[in-house]
Amino acid sequence: MTELNSKYVDSGYVQKLILRSLLFLLLGIFAVYYLMPLFVMITTSLKSLEEIRTGSLIDLPREVTFAAWKTAWSGACTGIQCEGLRPYFWNSVLLAVPAVIISTLIGALNGYVIAQWRFKGANLIFSLMLFGCFIPFQVVLLPMARVLGIINLAGSISGLVFVHVIYGIGFTTLFFRNYYVSVPVELVKAAKIDGANFFRIFISIFLPLSLPIIVVTVIWQFTQIWNDFLFGVSFSEAGTQPVTVALNNIVNSTTGVKEYNVDMAAAIIAALPTLFVYVVAGKYFIRGLTAGSVKG
Amino acid sequence: MSEWLEKQLPKLVLAPSFVAILIFVYGFIGWTAWVSFTKSKLLPRYDIVGLIQYDRLFVSPRWDVAFSNLFVFGFLFIVISMLLGLLLAILLDQKIRTEGIIRTIYLYPMALSMIVTGTAWKWILNPGLGLEAMIRSWGWESFTFNWLVDPNMAIYTVVIAGVWQASGFVMALFLAGLRSVDDEIIKAAQVDGIPTWRIYSSIILPSMAAIFLSAFIVLAHLAIKSFDLVIALTGGGPGYATDLPATYMYTMAFSRGDIGQAASSAMIMMAVVFAIVVPYLYSELRAKND
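Just so it is clear, the structure is predicted and the values come from calculations on it, not from any experiment.

Cut-offs and rules
Residues numbered from 1 in each chain as written. Chains lettered and ligands numbered in written order. Predicted model: local features only at pLDDT ≥ 70, side-chain atom pairs only at ≥ 80, totals over all residues. Heavy atoms only, no water. Contact = heavy atoms within 4.5 Å. Buried area = accessible area lost by both parts, 1.4 Å probe. Salt bridge = Lys/Arg side-chain N within 4 Å of Asp/Glu carboxyl O. Polar contact = N/O pair within 3.5 Å; in protein donor to acceptor, adjacent residues only side chain to side chain. Disulfide = S-S within 2.5 Å. Buried < 20%, exposed > 50% of the residue type's maximum accessible area, 1.4 Å probe, protein only. Phe/Tyr/Trp six-rings, centres within 6.5 Å; stacked < 30°, edge-to-face > 60°. Lys NZ or Arg CZ within 6 Å of the ring centre and 35° of its normal. Helix = DSSP H or I, 4+ residues; strand = E, 2+ residues; numbered from the N terminus. Domains from an automatic or database assignment. Expected span 1.5 Å × (residues − 1). Bend = angle between axes of the 7 residues up to and from the residue. Core = buried A, V, L, I, M, F, W, Y, C linked by side-chain atoms within 4.5 Å.

Caption draft 1: How the structure looks around the interface of chain B and chain A. Of the residues lining the interface, 104 residues belong to chain B; the matching set on chain A comes to 93 residues. Regarding the contact of chain B and chain A, the summed buried area is about 9,100 Å², with carbon and sulfur atoms giving 76% of it. When residues of chain B are sorted by the area they lose upon contact with chain A, Leu14, Tyr108 and Trp123 of chain B head the list and together hold 8% of the total. Our enumeration of links across chain B and chain A arrives at 0 salt bridges. The tally of links from chain B across to chain A stands at 20 residue pairs in polar contact (both at pLDDT 80 or more).

The following block contains the structure:
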């Protein structure tokens, strides 16, 4: 789009300057609004409890201490246990990595079939999967808890991987299907004439094309699974909880003094992986968000 | 034989996912629906007795609070996020050199877990040491901002944190929409001397109807599913003042051992999502097939 302001304002340089300053002032105020909680979290985590009690919310720490970070990582109590976030952080890694890989792989194959090997009913299956993305998960919690018990995965990390793969398929299929649908069908026809089979075409033609959509899908799935709380709190038990559940337990732990600096350090630790992904691959993150909402 | 297999291969590849979706989405919805018509308490029972669970739900004062909270929270969350997102998108659309950085700052909350967001805002909004104490320390001794512990106002703190998290995302959606408007039309309007605000209100925004709809669907969906945010920010309290259907369902299922109530409240959530999403998906899919 063309620049509207400058075209419209031709009555002088000064007026334009005022408008631009106003614009940047507004943008700046909003930037402060979005950054303030992060700033408060970081400064609070670097203060001592004494300083938190006597100082004000937005004061910089007079004396920087990493004690709260150390406690949050390896000493804070999540209930009766006081091992900090560390074991739960690794639970989340052990949970997210396989769940992301498996659901992305399944989504790629599904998307390839639905977009390129159209058969009767394929669109109906796609619609059914798509709707599955939108259900409130509360509606599957009770039966899933029972099924996990029956197949002996209750309270385990494998059980959580299973749940995340199942309810991730809808989105991963959607991503790949929408990506592959723009590849001309003549490509598959030509490859078939050359004698290539289903998997051969997928591996040598489609996979090499897929890097951007793989990145988008992996980031989307990783963010969803890392940040999940509902499945984590419903299907885990002491020891297998993911990091979000442990963070919530630390914050709401009623034993001892309320250590706000530890809470904030723990919150930042739990947020670091997804923040890191967002900072290094923000472009793909946004593409996933918008692809997840604007279909077609 | 192998030729037959090769021909059926696409279907065979899709089959496991299809079966999984049938069981774990539609089968499970069916199970929950069934159980919501029974007298299930701690354990599920399968003899249908009618609408007894829904009757219990509708006379429960706690459900009443949860359900009206959904509309108060949902309405404010959606409207404020949309307005703020639109404003930010228009501000950012003025050819700004630092747009990339600013966009990154506005959107980063979307990468955070709602538990993290809730934890941060719980600290900021706590009356003892947070915002209230800060402004009092600046000399405004009578300043009071204790919504977090005020049963009548606590639900608005959920709105505050929710808007903070989601509005940047709405901005990204709208910004993409603004960029997709045909340049030629805008140039023509400028040549005709139409003022900027008129160009936005009469030409650009009306052509973005589809994006408004998408943003609405995503936000409504986020609002109905909001669970983590309430748990981390208020824990549903004070009392049950900030309960939402999602937290009500969870409490019934996992703390109260009342499976019947959990199932019926989940079905109501399902119905609300259904009413919003199905017409949308239907029109999307039909538009594509035309």
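Caption draft 2: How the structure looks around the state of the cysteines. Residue and element names in this part refer to chain A. Following the criterion strictly, the structure yields 1 disulfide over all chains and no others. With its sulfur 1.9 Å from that of its partner, cysteine 77 forms a disulfide with cysteine 82. When the S-S torsion is 95 degrees, as for the bridge of cysteine 77 with cysteine 82, the disulfide is right-handed. The partly exposed category is assigned to cysteine 82, whose relative accessible area is 38%.

Caption draft 3: Geometry of the packing of aromatic side chains. All names here are of chain A. Counting across every chain of the model gives 42 aromatic pairs over all chains. For the pair phenylalanine 198 and phenylalanine 199, a centre-to-centre distance of 5.0 Å together with 85 degrees between the ring planes defines the contact as edge-to-face. Exposure remark for phenylalanine 198: the relative accessible area of 0% places this residue in the buried category. Three or more aromatic residues joined by ring pairs form one cluster here, namely Tyr112, Trp117, Phe176, Tyr179, Tyr180, Phe198, Phe199, Phe202 and Phe206. Its guanidinium or amino end placed over the ring of tyrosine 260, lysine 258 lies 5.9 Å from that ring's centre, counting from NZ or CZ.

Caption draft 4: Expanded view of the environment of proline 109 of chain B. Mapped onto the elements, proline 109 of chain B comes out in the loop between α4 (99-107) and α5 (114-125). For proline 109 of chain B, a relative accessible area of 0% translates into the label buried. A C-alpha to C-alpha distance of 8.8 Å links proline 109 of chain B and phenylalanine 169 of chain B, two positions 60 residues apart in sequence. Beyond its immediate chain neighbours, meaning those up to four positions away, proline 109 of chain B contacts Tyr34 of chain A together with Trp164 and Gln165 of chain B.

Caption draft 5: Region of the structure containing the domain arrangement of chain A. Residue and element names in this part refer to chain A. The domain architecture assigned to chain A consists of domain 1 (4-65) and domain 2 (86-293). Using only C-alpha atoms to locate each centre, domain 1 and domain 2 end up separated by 35 Å. Taken residue by residue, the interface counts 9 residues in domain 1 and 9 residues in domain 2. For the pair domain 1 and domain 2, the summed buried area comes to about 710 Å², and 81% of that belongs to carbon and sulfur atoms. For the pair domain 1 and domain 2, the number of links is 0 salt bridges. Across the contact surface, domain 1 and domain 2 share 1 residue pair in polar contact (both at pLDDT 80 or more).

Caption draft 6: Inspection of helix α14 (residues 260-280) of chain A at higher detail. Residue and element names in this part refer to chain A. Counted at 1.5 Å a residue, the expected span for α14 with its 21 residues is 30 Å, and the 29 Å between its end C-alpha atoms agrees. At leucine 272, α14 shows its maximal kink, close to 50 degrees; a proline, proline 273, follows between one and four residues later. Most of α14 sits out of view: 16 of its 21 residues are buried.

Caption draft 7: Main features of the pattern of salt bridges. This structure, assessed with the given rule, holds 10 salt bridges over all chains. Between aspartate 263 of chain A and lysine 258 of chain A there is a salt bridge, and its shortest N-O distance comes to 3.0 Å. For lysine 258 of chain A, a relative accessible area of 32% translates into the label partly exposed. Its salt-bridge partner being glutamate 132 of chain B, residue arginine 136 of chain B comes within 3.5 Å of it at the nearest N-O pair. One end of the pair is arginine 136 of chain B and the other is glutamate 132 of chain B, both in helix α6 (residues 131-137) and 4 residues apart, which spans about a single turn. Overall, the relative accessible area of 30% leaves arginine 136 of chain B in the partly exposed class. Residue classification places glutamate 132 of chain B among the buried positions, given a relative accessible area of 8%. One continuous salt-bridge network, built from bridges that share partners, spans Asp93, Glu99, Arg103 and Arg179 of chain B.

Caption draft 8: How the structure looks around the nonpolar core. By size, the foremost hydrophobic cluster in this structure holds 204 residues, and its most contacted members are Ile135 and Tyr167 of chain A together with Tyr106 and Phe174 of chain B. Top element by residues in this core is helix α7 (residues 154-179) of chain B. It accounts for 15 residues. Here phenylalanine 174 of chain B is in contact with Met82, Gly85, Leu86, Ala89, Met208, Ile211, Phe212 and Ala215 of chain B, once residues within four sequence places are set aside.

Caption draft 9: Up close: the environment of isoleucine 106 of chain A. Its place among the elements puts isoleucine 106 of chain A in helix α5 (residues 86-116). It is 7.7 Å that separates the C-alpha atoms of isoleucine 106 of chain A and threonine 172 of chain A, two residues lying 66 residues apart in sequence. Setting aside its immediate chain neighbours within four residues, isoleucine 106 of chain A contacts Val165 and Ile169 of chain A together with Ser17 of chain B.

Caption draft 10: Up close: the side chain of aspartate 263 of chain A. Its place among the elements puts aspartate 263 of chain A in helix α14. Setting aside residues no more than four positions away along its own chain, aspartate 263 of chain A makes contact with Leu247, Ile250, Val251 and Lys258 of chain A together with Thr119 of chain B.

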